[in-house]
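Survey of secondary and tertiary structure
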Amino acid sequence: MDILLWLVPSAVITVLSMAWVAFLGREGREQDREEVVRRLGIALEKPKTRERSRRYAAPQPPPDRSTGIAVRVNRDAS
């Protein structure tokens, strides 16, 4: 147990620095509610495109078209 005592100062410094940074980070978080709602509305109005799939090297397959009907294939009836 005496061997691990050298860890105590670093653990105390780490915990104190985490608490200090958490306390300082809270000050800049206050935002106007109307501004947040306005920015959310702008983000939701953007048209959805497949821009993300163009960033990849391999072409993405087209999405499967769902008809909502499950089709079972009877392979025993020959």
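Residues numbered from 1 in each chain as written. Predicted model: local features only at pLDDT ≥ 70, side-chain atom pairs only at ≥ 80, totals over all residues. Heavy atoms only, no water.

**Here we look at the overall build of the protein chain**
Put simply, the rule reads: Helix and strand assignments come from DSSP, with helices taken as H or I runs of at least 4 residues and strands as E runs of at least 2, each series counted from the N terminus. Under the scheme applied here, a residue whose accessible area is under 20% of the maximum for its type counts as buried, over 50% as exposed, and between as partly exposed, the area being computed with a 1.4 Å probe on protein chains only. Areas reported as accessible are Shrake-Rupley estimates using a 1.4 Å probe. Residue values count occlusion only from the protein chains shown.
A count of helices and strands for the protein chain gives 3 helices and 0 strands. Going from N to C terminus, the protein chain has its helices and strands arranged as α-α-α. A total of 78 residues make up the protein chain; the buried ones form 0% of that total. For the protein chain, the computed accessible surface area is about 8,700 Å², with 60% contributed by carbon and sulfur atoms.

**Concerning the UniProt feature "transmembrane region" (unreviewed entry) in the protein chain**
Defined as follows: UniProt positions are given in the numbering used here, feature names are shortened, and annotations may be inferred rather than shown by experiment.
The feature "transmembrane region" (unreviewed entry), as given by UniProt, occupies residues 6–25 in the numbering adopted here. Taken end to end, residues 6–25 has its terminal C-alpha atoms 30 Å apart, with 95% of it in helix and 0% in strand.

**Considerations on the pattern of salt bridges**
The condition is simple: Here, a salt bridge means any Lys or Arg side-chain nitrogen found within 4 Å of an Asp or Glu carboxyl oxygen.
With the rule as written, the count across this model stands at 1 salt bridge. Here R38 ties to E35 by a salt bridge, and the two come within 2.7 Å at their closest N and O atoms. Of the two residues, R38 and E35 are both situated in helix α2 (residues 33–45); the distance of 3 residues between them amounts to about one turn of the helix. Look at R38 and you get partly exposed, because its relative accessible area is 44%.

**Here we look at the confidence of the model for the protein chain**
So the rule is basically this: Confidence scores here are pLDDT values: one per residue, from the predictor, ranging 0 to 100.
Residues of the protein chain with pLDDT of at least 70 account for 79%, and the chain-wide mean is 79. Here helix α3 (residues 51–54) is the element of the protein chain with the lowest mean pLDDT, 56, and helix α1 (residues 7–25) is the one with the highest, 91.

**Quick notes on a nonpolar patch on the surface**
Heads up, the rule is: Patches draw on residues past 30% relative accessible area with no salt bridge. Two like charges within 9 Å are joined, as are two nonpolar side chains (Val, Leu, Ile, Met, Phe, Trp, Tyr) within 5 Å.
Residues I3, L4, W6 and L7 make up a contiguous nonpolar surface patch of about 470 Å² in total accessible area. The residue L4 is located in the segment before α1 in this model. Residue classification places L4 among the partly exposed positions, given a relative accessible area of 47%.

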